[in-house]
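Breakdown of the fold
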Amino acid sequence: MQPARIGVYGLGTMGRALALNLAENGVRVAIANRETDWVADTMSEAGPLADRLVPAETLEGFVAALEPARMVLCMIPSGAPMDDMIARLRPLLDRGDVLIDGGNADFNDTRRRAAELAPHGLDYVGMGVSGGAEGARTGPSLMVGGSPESWDRLRPILTDIAARFGADPCVAHVGSDGAGHFVKTVHNGIEYADMQMIAEIYGLLRDGAGWEAGRIAGLFGDWTRGPLASFLVETTAQVLGHVDAETGRPLVDLIEDRAGQKGTGRWTVIEALRLGQSASAIEAAVGARAWSAEIAARHAGSALFNAPPVASDAPSQDALAQALLAGRILSHAQGFAVLRAAAREYGWDMDLSRIAEIWRAGCIIRSALLDDLASALAGQVPHGVLILSPDIAARLADAVPGLRRVVGWAVASGLPVPALSAALAWHDSMGQARGTANLIQAQRDSFGAHGFRRIDRPGDHHGDWPRVDNA
Ligand SMILES: NC(=O)c1ccc[n+]([C@@H]2O[C@H](COP(=O)([O-])OP(=O)(O)OC[C@H]3O[C@@H](n4cnc5c(N)ncnc54)[C@H](OP(=O)(O)O)[C@@H]3O)[C@@H](O)[C@H]2O)c1
Ligand SMILES: O=C(O)[C@H](O)[C@@H](O)[C@H](O)[C@H](O)COP(=O)(O)O
């Protein structure tokens, strides 16, 4: 039998879709799965594409079906399952083979695995894949890590299957070892923030303005054209407009308000803090999902905490749109700041503008904004802070008054907007030439003799602070 150019192991939602996408693009693909029934299922779902699939019942058969040097793509859960998979695959692979993990993995694991496999001559590639099942089948956004040599081998195939923004394929080598998974993690962090801010605007309309889901769907539908155009706004309009066939009520009204999370948003925040960054809008979104899980406590709180009456001067639809746009710009900028810091820390040759470009199509956070961010990142970014780029600063100057208006009204009305307000606080902090950290330094020096710098003379200093009497 003719050998396969690449093997896909793991025929769940993503693996199956990617295997079929590869086959559709003329690539011969070996397929295998832990539960072997799924191999036959995939063959029958493939229809005419089945001619390009090489089904395997065993791992040995799967590896033997591949042309050397082999390329194996695993689409399985991250963590221990991937470590087990590597342990089983390693003895079957030869020097020069490339093993790709397309799952949402912790980049620290990817770096460790790449280092462990390198002495065996195996190239380990962490690849971020975004776009869900449909993206994987018709064109995902692909964020590829690993060595430049493995990228040379993977590039033609990945270019064929990736989403396209115009003629530009949404795939790039974003840096060595764990860079691909790091970029995917930050993509997901931004995804969390965007979803949370959308949910906050929904909450203001539902609880502040008393709008029904269908009416809110209409507004989000209007926003799918123009500066807020994006997959997530489109998805929001669709889900808000969906009616439950059994009850005739908007399905969204029947869904428990407890958000799931698999960890990528949390990883973004953890890595940001490790790098001395604060992705505060993303942190707020992760925190809001955690609070959403505390349903019993929130019920108790609702009986205890007296919410103020909703303030009368509700913001206009235009202000709400500006607020969402400003929040989106600020949370993306925080994500790019994390990427910039990580590239510096880990020595990755990371082209931030190219990353914005490959997020313009195929992935979950694709939006009209990303094209503008790509252009801004391609130019001079003052102090490495994206919101200081002239075009982005000008857009914020237009949109922030709306954000301020919306956050102010929400606060006065007792309606929570944790991500929008975190984004605004970051914006306002970055706009303060003289902040308040002088007082923090004074406090630190007074109780711990930590020292401070003065603005009127050089060197390290201590204050002659009065003692606090605790008696
Ligand atoms: N779903 C998305 O939108 C999406 C998007 C981007 C990335 N991802 C990532 O892609 C990966 C796969 O996700 P999915 O949505 O395709 O998941 P899925 O539909 O649940 O499929 C999981 C696959 O992994 C296999 N598997 C599970 N545990 C295994 C183990 N211990 N050893 C070997 N194989 C095992 C399953 O095989 P069995 O049939 O034998 O259980 C199945 O083929 C995950 O890392 C996920 O984070 C998902
Ligand atoms: O880029 C994507 O295709 C998505 O981000 C995808 O990776 C998935 O939908 C997330 O894993 C959801 O993450 P949570 O389950 O943590 O919300």
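Residues numbered from 1 in each chain as written. Chains lettered and ligands numbered in written order. Predicted model: local features only at pLDDT ≥ 70, side-chain atom pairs only at ≥ 80, totals over all residues. Heavy atoms only, no water.

Structural notes on the site of ligand 2
- Near ligand 2 you find 13 residues, and of these Ser130, Glu191, Tyr192, Lys262 and Arg289 are the closest.
- At 3.1 Å, a side-chain N or O of Asn188 approaches an oxygen atom of ligand 2.
- Between an oxygen atom of ligand 2 and a side-chain N or O atom of Arg289, the distance comes to 2.8 Å.
- Protein chains shield 80% of the accessible area of ligand 2, which is 420 Å² for the free molecule.
- Per element, the largest residue contribution to the shell around ligand 2 is five residues, and it comes from helix H8 (residues 179–208).
- When the residues that make up the shell around ligand 2 are grouped by side-chain class, the tally is two nonpolar, seven polar and four charged. (Near = heavy atom within 4 Å. Polar contact = N/O pair within 3.5 Å; in protein donor to acceptor, adjacent residues only side chain to side chain. Areas by Shrake-Rupley, 256 points an atom, 1.4 Å probe, with all protein chains shown as cover. Helix = DSSP H or I, 4+ residues; strand = E, 2+ residues; numbered from the N terminus. Nonpolar A, V, L, I, M, F, W, Y, C, P; charged D, E, K, R; others polar.)

Quick notes on the UniProt feature "binding site: substrate" (unreviewed entry) in the protein chain
- Feature annotation in UniProt places "binding site: substrate" (unreviewed entry) on Asn104, Ser130, Gly131, Gly132, His187, Asn188, Tyr192, Lys262, Arg289, Arg444 and His450, given in this structure's numbering. Spanning 347 residues, the named residues are also spread out in space, since their farthest C-alpha pair is 49.8 Å apart.
- What makes Asn104 partly exposed here is its relative accessible area of 33%.
- In contact with Asn104, not counting residues within four places along its chain, are Ser78, Val129, Lys184, Asn188, Thr264 and Trp267.
- Mapped onto the elements of the fold, Arg289 is located in helix H12 (residues 280–292). (UniProt positions renumbered as here; feature names shortened; annotations may be inferred. Buried < 20%, exposed > 50% of the residue type's maximum accessible area, 1.4 Å probe, protein only. Contact = heavy atoms within 4.5 Å.)

Side note on the UniProt feature "active site" (unreviewed entry) in the protein chain
- Mapped onto this numbering, the UniProt entry gives "active site" (unreviewed entry) at Lys184 and Glu191.
- Note on Lys184: relative accessible area 5%, which makes it buried.
- If we ignore the near neighbours within four places in the chain, the residues touching Lys184 are Asn104, Gly128, Val129, Ser130 and Met143.
- Residue position: Glu191 is located in helix H8.

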